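One letter stands for each residue in the lines below.
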Amino acid sequence: MSISRHDTRKLAFQALFALNSNPDALPQDVYEALLEDEATTTVPAYLPELVEGVLTHQSELDAKIDQYLSSNWTLARLNKTDLLVLRLAIYEMLCVDDVPAKVALDEALQLAKEFSDDKSRRFINGVLSNLL
């Protein structure tokens, strides 16, 4: 059974969260742990592409996010959930050719809805809309 792109993004967010909390963990081990609850044991190709892409380009992604924060906000002030959702969305917007920017924005809002609150969702929408 294959996993949808939306579910893959969700797994990517969870993997990034886990790797952020435990930098010594191996991404492959994190993927396998996350997939234990899924109906598949095959890691979707898009999962490592997203996770490794975000990790590899993290400083550029953070610089982009910083550009679109209002003057009273800093990266350090963002909660981890919002920061990871923004990194993931901006990575898709800038680095994944077959994902339209609007789709990446909508997916980011879905992730924020699942893993955060309305205030965060509005904040993420504002940052990403300004980037668009």
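Provided above is the structure to which this section pertains.
Each value, and the rule that gives it
Residues numbered from 1 in each chain as written. Predicted model: local features only at pLDDT ≥ 70, side-chain atom pairs only at ≥ 80, totals over all residues. Heavy atoms only, no water. 1 Å grid on protein atoms, 1.4 Å probe; cavity = no way out; pocket = protein on both sides within 12 Å on 5 of 7 lines; lining within 4 Å. Points joined across faces, edges and corners; volume = space filled by probe spheres on them. Helix = DSSP H or I, 4+ residues; strand = E, 2+ residues; numbered from the N terminus. Nonpolar A, V, L, I, M, F, W, Y, C, P; charged D, E, K, R; others polar. Buried < 20%, exposed > 50% of the residue type's maximum accessible area, 1.4 Å probe, protein only. Contact = heavy atoms within 4.5 Å. Core = buried A, V, L, I, M, F, W, Y, C linked by side-chain atoms within 4.5 Å. Phe/Tyr/Trp six-rings, centres within 6.5 Å; stacked < 30°, edge-to-face > 60°. Lys NZ or Arg CZ within 6 Å of the ring centre and 35° of its normal.

Chemist: Looking at this structure, I do not really get empty space enclosed by the protein. What am I missing?
Modeler: Left-over empty space is what a probe sized like a water molecule reveals as it rolls over the atoms. For the coordinates displayed, the defined rule picks out one cavity of 30 Å³ or more. Quantified by volume, the largest cavity comes out at close to 30 Å³. Forming the walls of the largest cavity are Arg 9, Val 85, Leu 88, Ala 89, Glu 92, Ala 104, Glu 107, Ala 108 and Leu 111. Listing elements by their share of the lining of the largest cavity, those giving two or more residues are α5 (80–95) and α6 (101–115). Partitioned by chemical class, the residues of the lining of the largest cavity number six nonpolar, no polar and three charged.

Chemist: Please explain the environment of Ile 65 as it appears in this structure.
Modeler: Looking at the secondary structure, you find Ile 65 in helix α4 (residues 58–67). What makes Ile 65 buried here is its relative accessible area of 0%. The spatial distance from the C-alpha of Ile 65 to the C-alpha of Arg 87 is 7.7 Å, given a sequence separation of 22 residues. Once residues lying within four places of it in the same chain are set aside, the contact partners of Ile 65 are Leu 75, Leu 78, Leu 83, Leu 86, Arg 87 and Ile 90.

Chemist: Please clarify how the nonpolar core should be interpreted in this entry.
Modeler: Soluble globular proteins tend to pack their nonpolar side chains together in the buried interior. Counting 42 residues, the largest nonpolar core has Val 51, Leu 86, Leu 88, Ile 124 and Leu 128 as its most contacted members. Those elements giving two or more residues to this core turn out to be α1 (5–21), α2 (27–35), α3 (46–56), α4, α5, α6 and α7 (118–131). The greatest single-element share of this core, amounting to nine residues, is contributed by α5. Leave out the neighbours within four places in its chain, and Ile 124 touches Asp 82, Val 85, Leu 86, Ala 108, Leu 109 and Ala 112.

Chemist: Would you take a moment to explain α3 for this structure?
Modeler: What sets the pattern is the α-helix's 3.6 residues per turn: residues three or four places apart point alike. Of the residues making up α3, those classed as buried are Tyr 46, Leu 47, Pro 48, Leu 50, Val 51, Gly 53 and Val 54. Looking at the buried positions of α3, the neighbouring elements they touch are α1, α2, α4 and α5.

Chemist: I keep staring at the packing of aromatic side chains and nothing clicks. Help me out?
Modeler: Two measures describe an aromatic ring pair: the distance that separates the ring centres and the angle between the ring planes. Under the defined criterion, the tally for this structure stands at three aromatic pairs. Seen in terms of ring centroids, Phe 13 and Phe 17 are 6.1 Å apart; in terms of plane orientation they differ by 45 degrees. Their pairing is tilted. Of this pair, Phe 13 and Phe 17 both sit in helix α1, four residues apart, roughly one helical turn. Here the aromatic rings of Trp 73 and Phe 123 are separated by 5.1 Å at their centres, their planes lie at 40 degrees, and the arrangement is tilted. You can see Trp 73 sitting in the loop between α4 and α5 and its partner Phe 123 sitting in helix α7, a full 50 residues away along the chain. Cluster of aromatic residues (ring-pair linked, three or more members): Phe 13, Phe 17 and Phe 115. For the cation-ring pair, Arg 77 lies above Trp 73, with the distance from its terminal atom to the ring centre recorded as 3.8 Å. The side chain of Lys 80 reaches across the aromatic face of Phe 17, ending 4.5 Å from its centre.

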